Amino acid sequence: MEIVEIHAGLRQLQDEDGLKKIFCELCQTPEQYLPLMREILSQAIEHSDTLSDEGVRQELRLAVLFLALQQDHSAVPLLINLLKTAAIDTYFDSEDWLFNELPKLLGRMLEAGKLSLLEDLILDPKLPEILREQLLMTLMFRWMQKADRNSELAVILKELLINKLGGLKNDQLSMAIIILVIAVDGIILKPQIMNFYHACGKGLATIFPEKSLLFFYTLGPEKIKTLLKQNYDASFGEPEKEVERMFHPLEESSSPSELTASGKTIVRESPKISRNDPCPCGSGKKYKKCCGG
């Protein structure tokens, strides 16, 4: 397929079926088209003003998707440089597919042992908050995919807690990160967790009472992972399916009992408790004979 034809095909806005056909054809021989997709990212960085064109923005989204599907580690610096350009939140709003799917996209592309790249970006106050929040969720994606050693992830999470997430003020996101830290290394990092929790103030305590926080200590990592998977889709499918998701994103839950961060459902405010389970308040009684009575 000629390069001019590829550019035109990826920029078409109306013919979804035709776009799927072209994209899937490119994915059949990925090595042939990886340089072109990296070049699309480079051009977006160098000529960010062209992102004012919706067709160019769509081509960029598809290039990032292509590179993520191929788990192209070499494209990570390009993607990071793109995210750091001032134009990223000028042309892509907080509900854009590129932001909402970033945890899965970057999470697949990032090479094992490179989590420190995310730490530096999350703590960078010059980056848009929506971007930093989604980079935090990338850590959750990596954990759910077992892409890194828990010891490495624990080091990153400890630094983020100590630095109060670089000043991010999102109570629901803070709750999700605390739950992740408990799952990764909750016993060792309990002092950092509790210091961070109390530093967040009344907002977090309202949606996530301390007794609920302590209840998560009674769950093992696998139970927490199961709970998170019920509400946070970390899967990655076939090329055609992913293009379809780009055009038809999953509907967001409107239930007030669920925790959301940047429009993505993560976990319920507290896990579902059976009436015969131990009460999360720590009384030692069954839930039905205590707070659930």
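Residues numbered from 1 in each chain as written. Predicted model: local features only at pLDDT ≥ 70, side-chain atom pairs only at ≥ 80, totals over all residues. Heavy atoms only, no water.

Caption draft 1: Main features of the overall build of the protein chain. If you tally the helices and strands in the protein chain, you get 17 helices and 2 strands. Every one of the 293 residues in the protein chain was classed for burial, and the buried ones make up 50%. If you sum the accessible surface of the protein chain, you get close to 13900 Å²; carbon and sulfur atoms cover 49% of it. (Helix = DSSP H or I, 4+ residues; strand = E, 2+ residues; numbered from the N terminus. Buried < 20%, exposed > 50% of the residue type's maximum accessible area, 1.4 Å probe, protein only. Areas by Shrake-Rupley, 256 points an atom, 1.4 Å probe, with all protein chains shown as cover.)

Caption draft 2: Fine view of the pattern of salt bridges. Counting across every chain of the model gives 12 salt bridges. One salt bridge connects Lys20 with Glu16, and the closest N-O pair in it is separated by 3.4 Å. Of the two residues, Lys20 and Glu16 are both situated in helix α2 (residues 16–28); the distance of 4 residues between them amounts to about one turn of the helix. Summarising the burial analysis for this pair, Lys20 and Glu16 share the class buried. Residue Arg57 is joined to Glu54 by a salt bridge in which the shortest nitrogen-to-oxygen separation is 2.5 Å. Taken together, the positions of Arg57 and Glu54, both in helix α4 (residues 54–69) and 3 residues apart, correspond to about one turn of that helix. (Salt bridge = Lys/Arg side-chain N within 4 Å of Asp/Glu carboxyl O.)

Caption draft 3: Layout of the environment of Glu152. Tracing the sequence through the fold places Glu152 in helix α11 (residues 150–162). Owing to a relative accessible area of 16%, Glu152 belongs among the buried residues under this scheme. For the pair Glu152 and Leu115, spaced 37 residues apart in sequence, the C-alpha separation works out to 7.8 Å. Leaving out residues up to four positions away in the same chain, Glu152 has contacts with Gly113, Lys114 and Leu115. (Contact = heavy atoms within 4.5 Å.)

Caption draft 4: Representation of the packing of aromatic side chains. With the rule as written, the count across this model stands at 3 aromatic pairs. When the ring of Phe23 is compared with that of Phe66, the centres are 6.2 Å apart and the planes differ by 90 degrees; the resulting orientation is edge-to-face. A residue pair is termed long-range when its members are at least 10 positions apart, and Phe23 in helix α2 and Phe66 in helix α4 qualify at 43 residues. Its relative accessible area of 0% is what places Phe23 among the buried residues. Taking the centre distance of 6.0 Å and the plane angle of 65 degrees together, the rings of Phe208 and Phe216 count as edge-to-face. You'll find Phe208 and Phe216 in the same group, each marked buried. These aromatic residues form a ring-pair network of at least three members: Tyr197, Phe208 and Phe216. A cation sits over an aromatic face here: Lys225 above Trp143, 4.7 Å from the ring centre. (Phe/Tyr/Trp six-rings, centres within 6.5 Å; stacked < 30°, edge-to-face > 60°. Lys NZ or Arg CZ within 6 Å of the ring centre and 35° of its normal.)

Caption draft 5: Structural context of the state of the cysteines. The final tally for this structure, using the stated rule, is 0 disulfides. The thiol of Cys24 is unpaired, and the distance to the nearest cysteine sulfur, on Cys27, comes to 6.2 Å. Judged by relative accessible area, which is 13%, Cys27 ranks as buried. (Disulfide = S-S within 2.5 Å.)

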